[in-house]
Amino acid sequence: MQSNSLRILDTEVPAPKKFELQLEVQKVGICGTDRDIISGFYGEAPQGSEYLVLGHESLSRVSKVGSGVRGFKKGDLVVPTVRRKCYENCLNCKAGESDMCLTGDYSEHGIKGLHGFAREYAISDSRFVVKLPESLSDIGVLLEPLTVVEKGEAQTFRLQLARMKWLPKKALVLGAGPVGLLATAILRLRGLEVDTIATRSEDSPKAKLVKQTGARYINAMETPLNTLEKRYDIVFEITGSPSVGFEAQQLIGVNGVVCFLGIYKSQQDTGDAGKLFTDLVLGNKVFFGSVNANKTYFEKGVKDLLAIRKKWNGFLEKIITRRASYEDFEKAYSPESQEEIKTIIEFRK
Ligand SMILES: [Zn+2]
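Residues numbered from 1 in each chain as written. Predicted model: local features only at pLDDT ≥ 70, side-chain atom pairs only at ≥ 80, totals over all residues. Heavy atoms only, no water.

Peer 1: Requested: an account of unusual backbone geometry, with residues and values cited.
Peer 2: In this structure, N89 is a non-glycine residue whose phi angle is positive, near 55°. Relative to the elements of secondary structure, N89 occurs in the loop between β4 (83–84) and α2 (91–94). Unusually for a residue other than glycine, N284 sits at a positive phi of about 50°. We classify N284 as partly exposed; its relative accessible area is 44%. (Helix = DSSP H or I, 4+ residues; strand = E, 2+ residues; numbered from the N terminus. Buried < 20%, exposed > 50% of the residue type's maximum accessible area, 1.4 Å probe, protein only.)

Peer 1: Hey, could you go over the coordination of the zinc ion for me, with residue numbers and the actual values?
Peer 2: At the metal site, the zinc ion is ligated by C86 (SG), C90 (SG), C93 (SG) and C101 (SG), and these contacts range over 2.3 to 2.4 Å. One way to put it: the four donor atoms around the zinc ion meet at angles of 104 to 118°, and that makes the site tetrahedral. For the zinc ion, the donor residues sit on a single chain with the sequence spacing C-x3-C-x2-C-x7-C. What makes C90 buried here is its relative accessible area of 8%. Overall, the relative accessible area of 6% leaves C93 in the buried class. (Donors = N, O, S within 2.8 Å, 3.2 Å for Na, K, Ca; no water. Tetrahedral: all angles 85-135°; square planar, octahedral: opposite > 155°, others 65-115°.)

Peer 1: An account of the environment of L276 is requested, with residue identities and associated values reported.
Peer 2: On the secondary structure map, L276 appears in helix α7 (residues 273–282). Remark: the alpha-carbon pair of L276 and I186, spanning 90 residues in sequence, is separated by 28 Å. Those residues in contact with L276 that lie beyond four places of it in its chain are F246, Q249 and F287. (Contact = heavy atoms within 4.5 Å.)

Peer 1: Before we move on, could you go through the sheet that holds strand β13 (residues 252–260) and cite the residues and values that matter?
Peer 2: Sheet architecture is open: six strands sit in the order β11-β10-β9-β12-β13-β14, paired in parallel fashion. The sheet is open, and its two edges are formed by β11 (216–219) and β14 (286–289), each paired on a single side. Going across the sheet, the axis of each strand differs from the next one's by a mean of 20°, ignoring polarity. Along the sheet face, helix α6 (residues 242–251) touches β9 (170–174), β12 (232–237), β13 and β14 and points at about 150° away from the line of β13. (Pairing = 2+ DSSP bridges. Axes fitted to C-alpha atoms, helices over the stretch in contact; angles between N-to-C directions.)

Peer 1: Kindly report on α7, identifying the contributing residues and their values.
Peer 2: Each turn of an α-helix holds 3.6 residues, which means side chains three or four residues apart point in the same direction. Of the residues that open α7, the one with a side-chain oxygen 3.0 Å from the backbone nitrogen of G274 is D272. Where α7 terminates, the next one or two residues include N284, which has phi positive at roughly 50°. (Polar contact = N/O pair within 3.5 Å; in protein donor to acceptor, adjacent residues only side chain to side chain.)

Peer 1: I'd like a rundown of the packing of helix α3 (residues 143–163) against helix α8 (residues 295–311), residues and numbers included.
Peer 2: Between α3 and α8, the least distance of the axes is 8 Å, while the angle of their chain directions is 105°. Here α8 runs roughly perpendicular to α3, going by the angle between their axes. Seen from α3, the contacting residues are L143, E144, L146, T147, E150, K151, E153, A154, Q155 and R158; seen from α8, they are Y297, F298, K300, G301, V302, D304 and L305. (Parallel < 35°, antiparallel > 145°, perpendicular 65-115°, else oblique.)

Peer 1: Report on the pattern of salt bridges, specifying residues and quantitative values.
Peer 2: One pass over the structure, following the stated rule, counts 24 salt bridges. Taking the shortest distance from any N to any O, the salt bridge between K27 and E346 comes out at 3.2 Å. Of the two residues, K27 is situated in strand β1 (residues 20–30) and E346 in strand β16 (residues 342–346); the sequence distance between them amounts to 319 residues. The same class applies to K27 as to E346, namely buried. (Salt bridge = Lys/Arg side-chain N within 4 Å of Asp/Glu carboxyl O.)

This is the structure we're talking about:
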């Protein structure tokens, strides 16, 4: 993408084809991926289009249904998944796991080859859309970032339980942005003791949200990572910092697992690879990466949004720290302030 070419365009209202839904977009969440696309690091316009509509975190209402659509009607509250199967329809895409696509030739709404949802009316294939209950009409836009956690968590347990008998007790979450906070809540929901570490003060909004779930907040400025007890069963690495990621491996105990969810800038000489590999072998440890999420994680996420809201009143609402109108797009997409957690654009109230 051309860098800094962010603008508002008047476009035609798209009409749904046979299996598609026309969506009346309610809210769109903004994340680092959007800002990276604006900076020109990646992003790819759909074929034949000179621009890409941004927006992969969204919440919409169905406004029109294509002739072949089953199970949706006008007015339904919905969230579309982001990734669509690859052109070759590889083994994993064919099985509904486009998040595990082998070819890399997939498309992603608002990122790669498909327009996103930051528009008044959008289009999605109905087979990649999940319905939400009305009670989530205010915070359902958090479903997409939550699915990143849902996949990481589900794969963590699947991996570990396929390897051995495993009863994890302690988890560490590195980072307290929207995904870190949602990971904290999910791991707490599963009954784990959770420590979440970030660089904000003890009385910051992020720290307060961590504590609301019963997790412990650690200010990394006062308590450096390398002073923590090296006995975690699960570590979720979300900071995207190579040196933090490298240190994460030293924090898990025997049979532990580290799930990497960040995007890391290339960095040489981060640490001692020999020690890392030996620790890995002698401790039966697993490091794995996880990206994107298929529809099953969106369905699971809907249930967990309801469970989180029931257990920790106001937690999800407080993750959304800024609500902008689309006319205010420049401000909304500008780099976030220190205490900001999640900015959303409201297309309709
Ligand atoms: Zn594929």
